[in-house]
Amino acid sequence: MAVSYSSSLSSFAAAAFSETKASIAPASSQAVRFASISSARPFIAPLTSNSTVLRNRRASFVTPRAAAESHSSPTSFHGLCYVVGDNIDTDQIIPAEYLTLVPSNPAEYEKLGSYALIGLPASYEKRFIEPNETKTKYSIVIGGENFGCGSSREHAPVALGAAGVAAVVAQSYARIFFRNSVATGEVYPLESEVRVCEECRTGDVITIELGESRLINHTTGKEYKLQPIGDAGPVIEAGGIFAYARKTGMIPQSA
Amino acid sequence: MASSTIASPSASFIPTKELGRSAFSPASSPFSVPKCRKSISKKIVSVMAPQQSERKPAATGSVKTAMTMTEKILARASEKTHLSPGENVWVDVDILMTHDVCGPGSIGIFKKEFGQNAKVWDREKIVIIPDHYIFTNDERANRNVDILRDFCAEQNIKYFYDIQDRGNFKANPDYKGVCHIALAQEGHCRPGEVLLGTDSHTCTAGAFGQFATGIGNTDAGFVMGAGKLLLKVPPTLRFVMDGEMPDYILAKDLILQIIGEISVAGATYKSMEFVGSTVESLNMEERMTLCNMVVEAGGKNGVVPADSTTFKYLEDKTSLPYEPVYSDQQARFLSEYRFDISKLEPIVAKPHSPDNRALARECKDVKIDRVYIGSCTGGKTEDFMAAAKLFVASGYKKVKVPTFLVPATQKVWMDVYSLPVPGSGGKTCSQIFEEVGCDTPASPSCGACLGGPKDTYARMNEPKLRPLLQVCVSTTNRNFPGRMGHKEGEIYLASPYTAAASALTGYVTDPRDFLQ
């Protein structure tokens, strides 16, 4: 799929990342050379409203709109939502006993997904993943405050992504979870302005218009504004921080 | 927003009518995070002065470059003369730590992204410490330690604290145990440096006056190859603790008090700086306990300024040069909280959140079925000494519930078996523990703090008799549902004094019942 960037993004990539000077010099010849990045420039170019971004990821509920013009053609997610409360910590998202599974191992990655949110207490009557299933039917998780608090385990956003979650919509996030979601590109960590977790019910049909920062609950007929995903968007779009760095010329294409 | 400057010791800020224990209001904090970061807390408690909002420094040239400790450390590591909160900078990493749970994943990413034959950026700056799932028959857990070993051999990693003989931890001369304690004991924590680790409690190292925070596998894989990471400079919350520490209070009470005050998201994306005469009176392990639970308030990192206590601790542990940094007089803090510690009472965090603060004495009717003393938070030498001291003070009463002891590292285990406990006539902690009926101190590791594989020692597993619930008083750091195993288990986070006192009664117990 073609991807075109706004003019500011491509000029930023060209100017800032010319490989004239390596800022580090690891011993091995196999090492990656990094162009130096001046202090004034942010790592991630601002996502302007004119940028064209097409998703080509795996979630079954993602329906990219046709890119008719060079102006915005935002991604949208459509699917069922699963609603949780405040302070959903990483032990509930993926209990510690499953951390022996290594996310970079493809078979174990899938297994991690099958355990996503298995740590939720019994008060959650509808389970996130049916017994005997390995993927979830809920592609959108809606939470309250401080989603993902607790451990730094990257297994948390990985388990959600592996299970089939495209996006989480929460009132606020714990910082390591947010950072890990962006770095891995596994899920979009979107922020709502109000307590959407109190207005939606598990099983409601949801559409998220990413480019417009809008969430629509088709079951209740209500709409909500989301915080724009901003700088994190292109990174997740690309498939995580390494993929983004290669795409924007920060590091050479991998061998 | 008030623009008053904080002048001299704030005796005038403590509402006089609030003095005294009875005025203390330990109602659990609301979970919701204030939208405005600079809002002033309306809650006034006897031990704490009203929260101060951001101070406005005078607008002189020198003030414009004034920085907090965290800002200075990141500035130096990114070769900038000045940084302000919110800036994204590339930071040189001094130490990268990983363990058996996140190491294999980080290594997988490193190899995938940098190449199967890639070499790490610096074989002396990566410290690999198996500690989480060690003494278990779980095959995958054991395989994960093998993965670490293969990588360390291939990369000639200088610091790999390996274990091969799981049946006898003492037979492994390199094995240490809990990573955060091992880092300190092996001299890898140095003032002014940047330490990143694939574990949320990496913030523990902030006790040494350095920037230390937890990162995920992907970030760690990146650092393995590049030796740098992009970080956003956090603003700093300052916690000023003054007053003589009562002899029934420990650092764990201090941090539980703070977390209860600001909530589990009160320090999200922020740095927590701990200063004041009480902090200065703490030894290194107590300072580590303080910084350890910064992440439980959502904090990015915690710092305690380095001083003679720090330098003395480091004397025999590292020969590498280091340069401490300190917050400028006119540095800007997001908020400042002041505490009069002399008025603090023993605190617990009730199930199921670290900010569900209550006074230990208010929970005296809570029947418990076990006590756990261990982890990076509460399994250090000082923590076991404290528990032993309480048992001595009680007159060697016998514990009424199973009391599990898991020393954090080999060194802690040795201390428990060799150091004399003051006031006991020369007995060691281990002798005292045996006399009062505790379990034998177990092999050092993270143990049941985070549950782990089902055969983990002291794990809270499915109760055999229903409807009996499991209620544990623990010196660990988190008590979310299922943290120590079974989802319905109830965990009361507490200091080693409170844990020991509770073991003696079979109920959540204020340690003053035995210490005064």
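Just so you know, these numbers come straight off a predicted model, no measurement behind them.

### A short note on the overall build of chain A
Here is step 1 of the chain: Secondary structure summary: chain A contains seven helices and seven strands in total.
Here is step 2 of the chain: Along its sequence from the N terminus, chain A presents helices and strands in the succession α-β-α-α-β-α-β-α-β-β-β-β-α-α.
Here is step 3 of the chain: Counting across all 255 residues of chain A, residues that qualify as buried make up 58%.
Here is step 4 of the chain: For chain A, long-range pairs separated by at least 24 residues make up 63% of all intrachain contacts whose partners lie at least 6 apart in sequence.
Here is step 5 of the chain: By element, 52% of the accessible surface of chain A is carried by carbon and sulfur atoms, the whole surface being about 10200 Å².

### Considerations on helix α7 (residues 251-262) of chain B
Residues and elements named next belong to chain B.
Here is step 1 of the chain: The end-to-end C-alpha distance of α7, which contains twelve residues, comes to 17 Å, matching closely the 16 Å that a straight helix rising 1.5 Å per residue would cover.
Here is step 2 of the chain: Along α7, twelve of the twelve residues are buried, which leaves the element largely enclosed by surrounding structure.
Here is step 3 of the chain: Here α7 has its buried residues at Ala251, Lys252, Asp253, Leu254, Ile255, Leu256, Gln257, Ile258, Ile259, Gly260, Glu261 and Ile262.
Here is step 4 of the chain: Of the residues trailing α7, Ser263 is marked for its positive phi of about 80 degrees.

### What about the interface of chain B and chain A?
Here is step 1 of the chain: Tallying the contact residues gives 58 residues for chain B and 53 residues for chain A.
Here is step 2 of the chain: Together, the buried faces of chain B and chain A total about 4600 Å²; carbon and sulfur atoms form 56% of this surface.
Here is step 3 of the chain: When the area that chain B buries against chain A is broken down by residue, the three leading residues are Glu113, Arg140 and Lys487 of chain B, summing to 12%.
Here is step 4 of the chain: Where chain B meets chain A, there are six salt bridges.

### Things to note about the layout of surface pockets
Here is step 1 of the chain: Considered as a void within the structure, the second largest pocket measures approximately 500 Å³ in volume.
Here is step 2 of the chain: What lines the second largest pocket is a set of 24 residues, and nearest its centre among them are Thr184 of chain A together with Ile109, Lys112, Glu113 and Thr218 of chain B.
Here is step 3 of the chain: For the lining of the second largest pocket, the elements supplying multiple residues, two or more each, are α5 (175-184) and α7 (241-247) of chain A together with α3 (103-114) of chain B.
Here is step 4 of the chain: A total of six residues in the lining of the second largest pocket trace back to one element, the largest contributor, which is α3 of chain B.
Here is step 5 of the chain: Looking at side-chain class alone, the lining of the second largest pocket contains nine nonpolar, seven polar and eight charged residues.

### What about empty space enclosed by the protein?
Here is step 1 of the chain: Overall, the coordinates contain five cavities of 30 Å³ or more when judged by the stated rule.
Here is step 2 of the chain: A volume near 200 Å³ is recorded for the largest cavity.
Here is step 3 of the chain: Around the largest cavity, the lining comprises 22 residues; the ones closest to its centre are His132, Asp199, His201, Leu450 and Arg483 of chain B.
Here is step 4 of the chain: By residue class, the composition of the lining of the largest cavity is eight nonpolar, ten polar and four charged.
Here is step 5 of the chain: What lines the second largest cavity is a set of 13 residues, and nearest its centre among them are Gly150, Ala174, Arg175 and Ile176 of chain A together with Val295 of chain B.
Here is step 6 of the chain: Broken down by class, the residue content of the lining of the second largest cavity amounts to six nonpolar, six polar and one charged.

### A word on the sheet that holds strand β6 (residues 214-217) of chain A
All names here are of chain A.
Here is step 1 of the chain: Strand order in the open sheet formed by seven strands is β4-β3-β2-β1-β5-β6-β7, with mixed pairing between adjacent strands. Every interior strand has two partners, whereas the edge strands, β4 (188-191) and β7 (222-225), have only one. Neighbour-to-neighbour, the strand axes of this sheet turn through a mean angle of 30 degrees, independent of strand direction.

### Regarding the side chain of Glu97 of chain A
Here is step 1 of the chain: Within the fold, Glu97 of chain A resides in the loop between α2 (90-93) and α3 (106-114).
Here is step 2 of the chain: The class for Glu97 of chain A is buried, based on a relative accessible area of 19%.

### Thoughts on the pattern of salt bridges
Here is step 1 of the chain: Applying the stated criterion across every chain, the model contains 41 salt bridges over all chains.
Here is step 2 of the chain: The residue Arg214 of chain A makes a salt bridge to Glu212 of chain A at a minimum N-O spacing of 2.8 Å.
Here is step 3 of the chain: Classification of Arg214 of chain A by relative accessible area gives partly exposed; the value is 23%.
Here is step 4 of the chain: Relative accessible area serves as the criterion here: at 39%, Glu212 of chain A is assigned to the partly exposed category.
Here is step 5 of the chain: One salt bridge in this structure joins Glu296 of chain B and Arg478 of chain B, with 2.6 Å as the shortest N-O distance. Of this pair, Glu296 of chain B sits in the loop between α9 (284-292) and β11 (301-303) while Arg478 of chain B sits in the loop between β17 (471-474) and β18 (490-493), and the two are 182 residues apart along the sequence.
Here is step 6 of the chain: On the basis of relative accessible area, Glu296 of chain B is assigned to the buried category, the value being 4%.

### Observations concerning the pairing of strand β16 (residues 403-406) of chain B
Residues and elements named next belong to chain B.
Here is step 1 of the chain: With burial as the criterion, each face of β16 is covered, one bearing Thr403 and Leu405 and the other bearing Phe404 and Val406.
Here is step 2 of the chain: Pairing of strand β15 (residues 370-374) with β16 involves four bridges; the strand directions are parallel. By the bridge assignment, Gly374 is partnered in β16 with Val406.

### Quick notes on the packing of helix α4 (residues 155-163) of chain A against α5 of chain A
All names here are of chain A.
Here is step 1 of the chain: Between α4 and α5, whose axes approach to 8 Å, the crossing angle comes to 55 degrees. By the angle between their directions, the pair α4 and α5 is classed as oblique. Taken as a pair, α4 and α5 cross one another with a handedness that is right-handed. In contact with Ala156, Pro157, Val158 and Leu160 of α4, α5 contributes Phe177, Asn180, Ser181 and Thr184.
Here is step 2 of the chain: Of the residues that constitute the contact of α4 with α5, the class distribution is five nonpolar, three polar and no charged.

### Remarks on unusual backbone geometry
Here is step 1 of the chain: For the peptide bond that leads from Pro351 of chain B to His352 of chain B, omega is -10 degrees, which places it in the cis range.
Here is step 2 of the chain: As for its placement among the helices and strands, His352 of chain B is situated in the loop between β13 (347-349) and β14 (357-359).
Here is step 3 of the chain: We note that Ser213 of chain A has phi near 50 degrees; this positive angle belongs to a residue other than glycine.
Here is step 4 of the chain: In this fold, Ser213 of chain A is placed in the loop between β5 (205-209) and β6.

About the thresholds
- Residues numbered from 1 in each chain as written.
- Chains lettered and ligands numbered in written order.
- Predicted model: local features only at pLDDT ≥ 70, side-chain atom pairs only at ≥ 80, totals over all residues.
- Heavy atoms only, no water.
- Helix = DSSP H or I, 4+ residues; strand = E, 2+ residues; numbered from the N terminus.
- Buried < 20%, exposed > 50% of the residue type's maximum accessible area, 1.4 Å probe, protein only.
- Contact = heavy atoms within 4.5 Å.
- Areas by Shrake-Rupley, 256 points an atom, 1.4 Å probe, with all protein chains shown as cover.
- Expected span 1.5 Å × (residues − 1).
- Buried area = accessible area lost by both parts, 1.4 Å probe.
- Salt bridge = Lys/Arg side-chain N within 4 Å of Asp/Glu carboxyl O.
- 1 Å grid on protein atoms, 1.4 Å probe; cavity = no way out; pocket = protein on both sides within 12 Å on 5 of 7 lines; lining within 4 Å.
- Points joined across faces, edges and corners; volume = space filled by probe spheres on them.
- Nonpolar A, V, L, I, M, F, W, Y, C, P; charged D, E, K, R; others polar.
- Pairing = 2+ DSSP bridges.
- Axes fitted to C-alpha atoms, helices over the stretch in contact; angles between N-to-C directions.
- Parallel < 35°, antiparallel > 145°, perpendicular 65-115°, else oblique.
- Left-handed = near helix turned anticlockwise from the far one by under 90°.

By themselves, these observations are geometric and do not establish any function.
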